[in-house]
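Here is what each chain is made of, one letter per residue.
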Amino acid sequence: MTQATQQPLHRALGLTDAEYAQIEETLERAPNDFELAVFSLLWSEHCGYKHSRLELRRLPTNGARVLQGPGENAGVIDVGEGLAVAFKVESHNHPSAVEPYQGAATGVGGILRDIFAMGARPIALGDSLRLGPLDEERPRELFRGIVRGIGGYGNCVGVPNVAGETVFDEAYRHNPLVNALCIGLLRASDLVRASATGSGNLVVLFGATTGRDGIGGASVLASQDLDETDEDKRPTVQVGDPFTGKKLIECTLELAARRLVVSVQDLGAAGLASSTSEMAASGGVGIELELDRVPLREQGMQPFEIMISESQERMAAIVEPSRLAEVEAVCARWQLPCTAIGTVTDDGRLRCRHGGEVVGDMPAEALADAPRYPLHAERPEGLAERALPRDEVPAITDPGALLLRLLAAPNICAKTWVYEQYDQVVGSGTVSRPGGDAGVVRLTPSERGIAIALDGDGARVALDPRRGGAEAVAQAALNVACSGAQPAAITNCLNFGNPERPGTAYALREVITGMAEACEVLGTPVVSGNVSLYNESGGRPIHPTPVVGCVGVLERADTAVRAAPLAASGSLFALGTTTPAYDGSEWQALLAGANAGRIPEVDLPALRWLCDLLGELARDGVLGSAHDVSDGGLAVALAEIALACGTGLEATIEPGDDAAATLFGECCGLVVVSCAPDEEVRLAEACDAAEVPLEKIGALGGATIALRCGELTLDVPLEAARAAYDEALPRAMGTV
């Protein structure tokens with residue numbers, strides 16, 4: 001290992017002088033180069049959560065359904081009948097900015113491994129994507145590559161993609177966000193954890209061979225800003241092989257089902273260094289590795305390269321010596337290399353040998369316990385204390401033209417171009433495909449199901465981080481509730497800029513405060529997650545972007561509620577209460593080209609009642625459909641229902657204090673529902689009993705979208721709305 005600059009090696013590796021001194025104190029000597037490389041990666045922001053771990057403690061993590069909270073490869077909740085689901089969302093932002101196809105593909109591969117490492121069979125994927133506007137070739141190139149990478153890996157391994165979101169904003173032009181979600185199914189009694197136990201047990205490496213691809217990739221890239229040297233970072237991006245990934249899924253699940261392994265850990269960021277130190281530290285044991293036993297695919301690899309390689313499709317397992325032959329036989333049947341590369345010890349050390357010599361000897365607990373730094377937060381001067389006054393809101397002269405422009409807006413238009421590249425039904429468990437409020441998957445062979453939603457809005461969070469953090473949780477929970485499921489728990493990915501900047505630190509702290517408040521009220525504990533910091537380019541950070549994945553439970557998958565009615569007729573109702581506003585809305589972005597003011601606060605207790613009511617109405621078979629009001633406001637929600645049904649509609653809405661805000665403003669807490677005529681009485685009675693406001697606003701039918709709200713009226717031909725909605729994204733990508 002050579003030193004690229006004249007500065008001390010520890011600085012070149014990203015360690016501070018104080019951290020180097022702490023390493024010397026821990027080791028009671030100076031670290032050698034091998035040890036310094038290992039410490040630098042495990043104490044990086046990506047692996048060590050140095051600036052976020054103290055804040056993350058404030059998130060609620062306990063609940064009646066929680067079987068495994070944060071700290072393992074994924075969170076796990078009980079879904080009834082002895083079944084459980086494991087789920088997690090994780091970022092692969094920086095690698096995707098450097099090499100979009102492989103960055104996104106290996107993001108999917110990595111999140112899959114987190115799930116089947118728990119003994120769970122992956123049954124669904126989701127993705128949250130954020131990129132710059134599609135007005136230049138570079139964002140279009142990134143978008144194409146990222147979507148192809150997600151589809152290329154997920155389709156090959158045979159896991160359906162059922163949920164997600166795609167957002168375009170100038171803040172992500174140089175820093176795209178790729179957050180991947182995976183959900184897996186297991187019997188609650190078969191849960192596998194990652195802790196190493198049993199002195200004398202073997203450390204077995206199985207899966208793909210080890211090369212130089214991805215050395216320091218995720219851990220280094222995710223702990224530094226991006227700049228004009230991005231092209232030089234391509235060698236640090238991992239390379240995925242989904243066909244080996246599929247074999248690894250089946251092999252790992254067989255090993256777990258036959259109880260041939262004590263514990264399992266995937267090899268992700270920092271490779272063997274991270275996986276073995278985490279296994280040892282969590283089990284309170286040591287591990288001794290023989291690095292020259294690791295199967296290699298490149299000649300001349302140095303010990304430190306073997307240790308920190310991020311080659312994909314690899315797993316580590318703790319195996320009792322008496323079971324090694326059986327483990328080897330299973331791996332051979334799946335045509336995967338399998339090698340015992342070390343043993344569990346009782347001294348708490350991670351000791352690495354190569355060529356018969358000790359090349360590194362470090363306390364496992366110290367490696368897994370990176371320094372933790374308090375945030376130095378200051379409220380940015382630009383944050384508004386109140387909403388924009390009404391006289392600063394542009395007047396709407398042509399509501400119909402505004403609706404058409406909103407339907408064609410990049411953040412609202414149909415995302416069919418994205419999810420038509422994903423297999424949505426492989427496995428035959430998909431009940432609701434992408435494009436609605438939530439994806440729904442049947443938990444075969446049970447009759448139960450789960451609903452999955454991914455939500456976040458960085459532009460709105462930027463205006464008020466606390467309210468925005470709460471809204472991200474609320475929006476994900478409401479989308480799940482619209483399917484009829486009971487929101488059960490969440491996973492989150494916190495995407496921010498440099499936490500050492502006071503403004504970013506303030507946003508991170510406030511977002512976590514808002515999320516914690518919402519989780520407590522809505523009864524949705526956080527069971528897993530990821531933090532991605534240093535999303536900056538040229539000193540310009542992304543919007544503070546919490547992405548929330550919510551999983552809800554359906555007692556019967558066949559009671560799942562659609563986002564739009566099957567019949568092209570029937571009445572429509574507005575259910576819930578909200579304070580829609582211009583500030584932070586797509587309406588504001590379109591008319592003013594700005595993001596200003598202050599977003600309204602979500603009424604969390606009212607939202608909890610609304611979610612509970614939606615679940616009750618679904619179980620009782622009252623609802624024909626339910627669709628939440630979000631981007632573009634009530635007018636867009638109604639238009640989306642009409643387009644999904646293939647028929648027009650007519651609605652008259654009470655204008656409240658501001659007709660324009662009622663139609664086009666945004667805030668979480670309102671749902672448009674439909675029901676059969678003979679269910680209207682039961683709908684009204686249930687809303688009265690739950691004290692949730694209900695207003696009959698219109699009916700389906702005709703060939704236009706006709707809305708009346710106070711002085712504002714519009715009458716848009718359905719086909720014009722369809723052309724605006726369906727053609728915008730393909731046109732931007734040059735495919736129509």
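Residues numbered from 1 in each chain as written. Predicted model: local features only at pLDDT ≥ 70, side-chain atom pairs only at ≥ 80, totals over all residues. Heavy atoms only, no water.

Within the protein chain one finds 25 helices and 28 strands. Against the compact-globule benchmark of 27 Å for 736 residues, the protein chain has a radius of gyration of 26 Å, which places it among compact chains. Taken along its principal axes, the extent of the C-alpha atoms in the protein chain is 85 × 55 × 45 Å. A fraction of 84% describes how many contacts in the protein chain between residues 6 or more apart in sequence connect residues 24 or more apart. (Helix = DSSP H or I, 4+ residues; strand = E, 2+ residues; numbered from the N terminus. Rg over C-alpha atoms; globule rule 2.2 N^0.38 Å. Contact = heavy atoms within 4.5 Å.)

Here the focus is the packing of aromatic side chains. Summed over all chains, the structure comprises 5 aromatic pairs. Ring geometry for Y582 and W587: centres 4.8 Å apart, planes at 80 degrees, overall edge-to-face. Across this residue pair, the class does not change: Y582 and W587 are buried. Here a set of aromatic residues connected by ring pairs shows up, and it is made of F143, F168 and W417. (Phe/Tyr/Trp six-rings, centres within 6.5 Å; stacked < 30°, edge-to-face > 60°. Buried < 20%, exposed > 50% of the residue type's maximum accessible area, 1.4 Å probe, protein only.)

A few words now on the sheet that holds strand β21 (residues 545-554). In spatial order, the strands read β14-β15-β16-β21-β17-β18; together these 6 strands make up an open sheet with mixed pairing. On the outer flanks of this sheet lie β14 (430-432) and β18 (526-532), each paired with one strand and no other. Geometrically, the sheet is characterised by an average inter-axis angle of 20 degrees between neighbouring strands, direction not taken into account. Summarising the sheet, strand β15 (residues 439-442) and strand β16 (residues 449-455) pair through 4 bridges and their orientation is antiparallel. Note on β16: the bridge partner recorded for V441 is I450. (Pairing = 2+ DSSP bridges. Axes fitted to C-alpha atoms, helices over the stretch in contact; angles between N-to-C directions.)

Averaged over all residues, the pLDDT of the protein chain is 95; the fraction at 70 or higher stands at 96%. The model gives residues 1-5 a pLDDT under 50, and that stretch makes 7 contacts with residues more than four places away or in other chains. (pLDDT = per-residue confidence, 0-100.)

So, on to the side chain of D464. Following the sequence through the fold, D464 ends up in the loop between α17 (458-463) and α18 (465-482). Exposure remark for D464: the relative accessible area of 8% places this residue in the buried category. When residues no more than four places from it in sequence are discounted, the contact partners of D464 are R598 and I599.

Each disulfide consists of one covalent bond between the sulfur atoms belonging to two cysteines. Under the counting rule described, the total for this entry stands at 0 disulfides. Looking at the unpaired C352, the closest cysteine sulfur is the one in C47, lying at 15 Å. A relative accessible area of 0% means that C352 is categorised as buried. Between C413, a cysteine without a disulfide, and C645, which holds the nearest cysteine sulfur, the sulfur-to-sulfur distance is 20 Å. (Disulfide = S-S within 2.5 Å.)

Judged by how many residues are buried, helix α3 (residues 33-42) sits mostly within the fold: 9 of 10 residues are covered. Those residues of α3 lying buried are F34, E35, L36, A37, V38, F39, S40, L41 and L42. Near the N-terminus of α3, the side chain that reaches the backbone nitrogen of F34, with its oxygen 3.1 Å away, is that of N32. (Polar contact = N/O pair within 3.5 Å; in protein donor to acceptor, adjacent residues only side chain to side chain.)

Time to look at the sheet that holds strand β9 (residues 286-290). If you trace the 7 strands from one edge of the open sheet to the other, you get β8-β10-β7-β11-β9-β12-β13, paired in mixed fashion. The open sheet has two free edges, formed respectively by β8 (263-266) and β13 (357-363), since each of these has just one partner strand. Averaged over all pairs of adjacent strands, the angle between strand axes in this sheet comes to 25 degrees, irrespective of strand direction. Two elements, β9 and strand β11 (residues 338-345), share 4 bridges in a ladder whose sense is antiparallel. Within the sheet, the bridge partner assigned to L289 lies in β11 and is G342.

In this section: the pattern of salt bridges. Oppositely charged side chains may form a pair once their charged atoms are brought near each other. Inspection of the entire model under this criterion finds 51 salt bridges. Ionic pairing is found between E35 and R29, a salt bridge with its closest N-O pair at 2.7 Å. For R29, a relative accessible area of 35% puts it in the partly exposed group. One salt bridge in this structure joins E170 and R173, with 2.8 Å as the shortest N-O distance. Residue class for E170 comes out partly exposed when judged on its relative accessible area of 47%. Beyond isolated ion pairs, a larger network of salt bridges with shared partners links E288, E290, D347, R349, R351, R353 and D361. (Salt bridge = Lys/Arg side-chain N within 4 Å of Asp/Glu carboxyl O.)

The contact between helix α7 (residues 100-116) and helix α8 (residues 137-157) brings their axes to 7 Å, and the two run at 35 degrees. In this structure, α7 meets α8 at a crossing whose hand is right-handed. Here P100, Y101, A104, A105, V108, G109 and L112 of α7 come into contact with α8, specifically with E141, L142, G145, I146, R148, G149, I150, G152, Y153, G154 and V157. Here the contact of α7 with α8 is composed, by residue class, of 11 nonpolar, 5 polar and 2 charged. (Left-handed = near helix turned anticlockwise from the far one by under 90°. Nonpolar A, V, L, I, M, F, W, Y, C, P; charged D, E, K, R; others polar.)

With 7 of 8 residues buried, strand β5 (residues 161-168) lies mostly within the body of the structure. Relative to β5, strand β4 (residues 121-131) is paired through 7 bridges, and the arrangement is parallel. Bridging from a neighbouring strand, L131 pairs with F168 of β5.

Tracing the chain through its elements places S275 in helix α11 (residues 271-283). Here S275 falls in the buried class, since its relative accessible area comes to 1%. Each C-alpha atom, one on S275 and one on D612, is 41 Å from the other, the two residues being 337 residues apart in sequence. In this structure S275 touches Q265, D266 and L267, once residues within four positions along its chain are discounted.

Turning our eyes to something else, we now look at the pairing of β8. The alternating pattern of β8 places S263 and Q265 on one face and V264 and D266 on the opposite face, and all of these are buried. Pairing geometry for β8 and strand β10 (residues 314-319), over 4 bridges, is antiparallel. Each residue of the ladder has a partner; that of Q265, found in β10, is A316.

Further remarks concern unusual backbone geometry. A cis amide bond links T444 with the next residue in sequence, P445, at an omega value of 10 degrees. Even without being a glycine, Q335 presents a positive backbone phi close to 55 degrees. Tracing the backbone shows Q335 in the loop between α13 (324-333) and β11.

Residue placement: Q265 occurs in strand β8. Contacts of Q265, omitting those with residues within four sequence positions, involve N73, A194, S275, E278, M279, M315 and A316.

Turning next to the environment of P295. Residue placement: P295 occurs in the loop between β9 and α12 (303-308). On the basis of relative accessible area, P295 is assigned to the partly exposed category, the value being 21%. Through-space distance from the C-alpha of P295 to that of G207 is 9.8 Å; in sequence the pair is 88 residues apart.

Quick look at the packing of α18 against helix α19 (residues 502-522) now. Pairs of packed helices are described in terms of their axes, by the angle between the two and the distance that separates them. Taken N-terminus to C-terminus, the directions of α18 and α19 make an angle of 40 degrees; their axes are 6 Å apart at the nearest point. What the angle tells us is that α18 and α19 run oblique. Where α18 crosses over α19, the two elements pack in a sense that is right-handed. Here α18 contributes P465, R466, G469, A470, V473, A474 and A477 to the contact with α19, which in turn contributes Y506, A507, E510, V511, T513, G514, M515, E517, A518, C519 and L522. Grouping the amino acids of the contact of α18 with α19 by side-chain chemistry returns 12 nonpolar, 3 polar and 3 charged. (Parallel < 35°, antiparallel > 145°, perpendicular 65-115°, else oblique.)

Structurally, S528 can be placed in strand β18. Residues S528 and P70, spaced 458 residues apart in sequence, show a C-alpha to C-alpha distance of 4.7 Å. Ignoring sequence-local partners within four residues, the contact set of S528 consists of P70, A74, G75, F87, K88, I490, T491 and N492. A distance of 2.8 Å separates a polar atom in the side chain of S528 from the backbone oxygen of F87.

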